[in-house]
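Close look at the chain arrangement
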Amino acid sequence: MAHSKHAAARRARTGGAGHYLTVSTLGLMTAASIVTSLRGLSLMAKEELTMFVYIGFSTFLFLIPAGLVAAELGGAFGNRAGGLYVWVAEAFGKPTGFVTMFLSWVQNIVWYPAGLSFASAAAAFAIGRPRLASDHVYVGLFIIIAFWLCTFAALVSNRFAAKVTKYGFLLGTVIPGVILLAGFLAWLLSHQQIGWSEASSQAVSVEQAGHPHPRLFPYITGLSGLSFLAGILLNFAGVESQAVHAMELKNPKTGYPMVIAIAALLSFGIFTLGSLAIAGILPYKEINIESGVFDAFNRLSTTLLHASWPVRLISLLVCYGALGGVLAWIIGPSRGLLATARDGMLPPFMQKTNRSGVQSNILIIQGVVVTVIASLYLFMSDVSTVYFLISALAVSLYIIVYMIMYASAIRLRYTQPGLPRAFKIPGGTAGMWGVAGVGFLAVAFAFVLSFVPPAQLPVGSPALYVALVAAGAIVFTGAPLLVERFKKPSWKRYTETSQAPPSRRDT
């Protein structure tokens, strides 16, 4: 009887899931959270060979520091539900932890429509009607229907959602990425014209002896040239998003650092090689942010194979991969928000889970909000403008989350120096300052740039861009502070057997 009671408590703390995740599965889920789809490849390919500067900045000053910090914090608190919420609450108290987790959740809600617009383009190419990708009514309806399908998949169970995400990443992201790379190698071996050798734009090439040569460093005339970096940075975000599932590993303290390593290596490889392939296959003037991936596959297929049917099959896989990436985010931050709700930070109706332990009410609320945001596509005819305006808001919110995460890692080295850490950033306190400090400065710089409209992208009205980013940062940061200010003691209705152990800092 005692054994069954402890087992029940353990299942309750893990959301009814148990230790069902392997290191490889969670590693692929985390990689799917970073590389949500192949959409970011076109964005980076548009910068031709200067992409390596942006990718290098994002990898060495963001992805690696974020991965190391997440590995240390995830290993230290791997047996606690809540992920990011627990990390920040231990360092700065529950209110700050709640704000951080809320922002992580909200930025995803803002991002979902933009992420699913790529899936809509993939579906359009899969059915042989690529022009639908620019039809705002089609895109809006596809986003709404697809998101609710992903939500229903998440409501089945965490185990089911994890499998869909895992195979979505493998079939819809990794395999198309490998095909793209193999196609580019075949392109080179067949002595086809290399895309970046044709670029004549001053932004990506420089004229020497009367001939254009690709730039290796960005052409910067002001902050608007650098602000492109903020969007690239978002492509590499998400390494910490699946930390809420760390306790579902058999041995989270040693397994979670391995999860981070798998995710970081896969993400770097896909982004770097995939972007280079698109830049090499397509001429600069033909690289479209929305459809560049499919245009590259189409050019490969028609030029080398003299057939178009492979593009439909690959597009179908890419669509599945994009949906799997969205599902990875649906089951991640929302589960972290559940931990804050059960800790008394949100009303009881947001603490409800279904029989499978899934945060049902949170997912339904999330679906309603996403439906409202996605409706913008139904009323604004320029799909690209909607995408970039929504993405701009998501960037600023997520960067705030990372600044708090880095600061928490540094503070915990002082407040809890004896905390057992399965993985520890080497070099003692100086090493932590070096890694987390560099990461903090990098995202702080990107945060400033997120308020500057990028010169490379069609963002519409610069004033609207800046107003949206600023208003979003203020409103969404202030919202959880208001909720925390007016919370009621009765909200914390769960006993210790139905929630994670309380934070050591309650203020």
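These numbers come from a predicted model, not from an experiment. (Residues numbered from 1 in each chain as written. Predicted model: local features only at pLDDT ≥ 70, side-chain atom pairs only at ≥ 80, totals over all residues. Heavy atoms only, no water.)

Focus on the overall build of the chain
Scanning the chain for helices and strands turns up 19 helices and 2 strands. When each of the 507 residues of the chain is scored for burial, the buried share is 60%. For the chain, the exposed area adds up to about 19,600 Å²; of that, 68% sits on carbon and sulfur atoms. (Helix = DSSP H or I, 4+ residues; strand = E, 2+ residues; numbered from the N terminus. Buried < 20%, exposed > 50% of the residue type's maximum accessible area, 1.4 Å probe, protein only. Areas by Shrake-Rupley, 256 points an atom, 1.4 Å probe, with all protein chains shown as cover.)

Overview of the side chain of Ser-42
When you line up the elements, Ser-42 lands in helix α3 (residues 39–45). The exposure class assigned to Ser-42 is buried, which follows from its relative accessible area of 1%. A polar side-chain atom of Ser-42 sits 3.1 Å from the main-chain amide nitrogen of Val-293. With near-sequence residues (within four places) excluded, Ser-42 lies in contact with Ile-278, Ile-287, Asn-288, Ile-289, Gly-292 and Val-293. (Polar contact = N/O pair within 3.5 Å; in protein donor to acceptor, adjacent residues only side chain to side chain. Contact = heavy atoms within 4.5 Å.)

Some thoughts on helix α8 (residues 158–189)
Along its 32 residues, α8 runs 45 Å from first to last C-alpha, staying within 8% of the 46 Å computed at 1.5 Å per residue. Within two residues after α8, His-191 carries a phi angle of roughly 60 degrees, on the positive side. (Expected span 1.5 Å × (residues − 1).)

Some words on the pattern of salt bridges
Going through the model one piece at a time under the given rule, you end up with 3 salt bridges. Glu-72 is paired through a salt bridge with Arg-421; the nearest N and O atoms lie 3.0 Å apart. Of this pair, Glu-72 sits in helix α4 (residues 51–76) while Arg-421 is found in the loop between α17 (383–415) and α18 (428–449), placing the two residues 349 residues apart along the sequence. Classification of Glu-72 as buried rests on a relative accessible area of 1%. (Salt bridge = Lys/Arg side-chain N within 4 Å of Asp/Glu carboxyl O.)

So, the environment of Thr-151
Topologically, Thr-151 is positioned in helix α7 (residues 136–156). In sequence terms Thr-151 and Leu-327 are 176 residues apart; their C-alpha atoms lie 7.4 Å from each other. Here Thr-151 is in contact with Ile-330 and Leu-363, once residues within four sequence places are set aside.

Notes on the packing of helix α12 (residues 292–305) against helix α13 (residues 309–330)
It is the contact of α12 with α13, at a shortest axis distance of 9 Å, that shows an interaxial angle of 150 degrees. With respect to α13, the axis of α12 lies roughly antiparallel. In the packing of α12 onto α13, the handedness of the crossing is right-handed. Across the interface between the two elements, Phe-294, Phe-297, Asn-298, Ser-301 and Leu-305 from α12 touch Pro-310, Val-311, Ile-314, Ser-315 and Val-318 from α13. A class-by-class count of the residues in the contact of α12 with α13 yields 7 nonpolar, 3 polar and no charged. (Axes fitted to C-alpha atoms, helices over the stretch in contact; angles between N-to-C directions. Parallel < 35°, antiparallel > 145°, perpendicular 65-115°, else oblique. Left-handed = near helix turned anticlockwise from the far one by under 90°. Nonpolar A, V, L, I, M, F, W, Y, C, P; charged D, E, K, R; others polar.)

Regarding the packing of aromatic side chains
Enumeration over the complete set of coordinates arrives at 10 aromatic pairs. Aromatic side chains Phe-118 and Phe-294 sit 5.4 Å apart centroid to centroid with 25 degrees between the ring planes, which places their arrangement in the stacked category. Note that Phe-118 is positioned in helix α6 (residues 94–126) and Phe-294 in helix α12, a separation of 176 residues in sequence. Each of the two residues, Phe-118 as well as Phe-294, counts as buried. Between Tyr-398 and Tyr-402, the aromatic rings sit 4.9 Å apart at their centres with planes inclined by 45 degrees, giving tilted as the arrangement. Of this pair, Tyr-398 and Tyr-402 both sit in helix α17, 4 residues apart, which is roughly one turn of that helix. (Phe/Tyr/Trp six-rings, centres within 6.5 Å; stacked < 30°, edge-to-face > 60°.)

Some thoughts on the environment of Val-110
Assignment of secondary structure puts Val-110 in helix α6. When the C-alpha positions of Val-110 and Ala-394 are compared, they lie 5.9 Å apart, and in sequence the two are 284 residues distant.

Here's the deal with the environment of Phe-77
Tracing the backbone shows Phe-77 in the loop between α4 and α5 (84–92). Residue class for Phe-77 comes out buried when judged on its relative accessible area of 4%.

Observations regarding the packing of helix α14 (residues 333–345) against helix α15 (residues 360–374)
Direction vectors running N to C along α14 and α15 enclose 125 degrees, while the axes themselves pass 10 Å from each other. Viewed along their axes, α14 and α15 adopt a mutual orientation that is oblique. In this structure, α14 meets α15 at a crossing whose hand is right-handed. Facing α14, whose interface residues are Ser-334, Leu-337 and Leu-338, α15 presents Ile-362, Leu-363 and Gln-366.

With respect to a nonpolar patch on the surface
Nonpolar side chains collect at one region of the surface, where Val-137, Leu-141, Ile-145, Leu-149 and Phe-152 lie side by side and expose about 480 Å² of accessible area between them. Structurally, Phe-152 is set in helix α7. Relative accessible area serves as the criterion here: at 48%, Phe-152 is assigned to the partly exposed category. (Patch = residues over 30% accessible without salt bridge, like charges linked within 9 Å, V, L, I, M, F, W, Y side chains within 5 Å.)

Considering the state of the cysteines
Under the defined criterion, the tally for this structure stands at 0 disulfides. Just so you know, Cys-150 is unpaired, no disulfide at all, and the nearest cysteine sulfur is the one on Cys-319, 9.3 Å from it. Residue classification places Cys-319 among the buried positions, given a relative accessible area of 9%. (Disulfide = S-S within 2.5 Å.)

Examining the confidence of the model for the chain
Averaged over all residues, the pLDDT of the chain is 78; the fraction at 70 or higher stands at 81%. When mean pLDDT is compared element by element in the chain, α7 scores highest at 90, while helix α1 (residues 2–13) scores lowest at 40. (pLDDT = per-residue confidence, 0-100.)

Focus on unusual backbone geometry
Backbone geometry follows two general trends: most residues other than glycine have a negative phi, and most peptide bonds adopt the trans configuration. Of note in the backbone geometry, His-191 takes a positive phi value of approximately 60 degrees without being a glycine. Residue placement: His-191 occurs in the loop between α8 and β1 (205–208). Here His-191 falls in the exposed class, since its relative accessible area comes to 73%.

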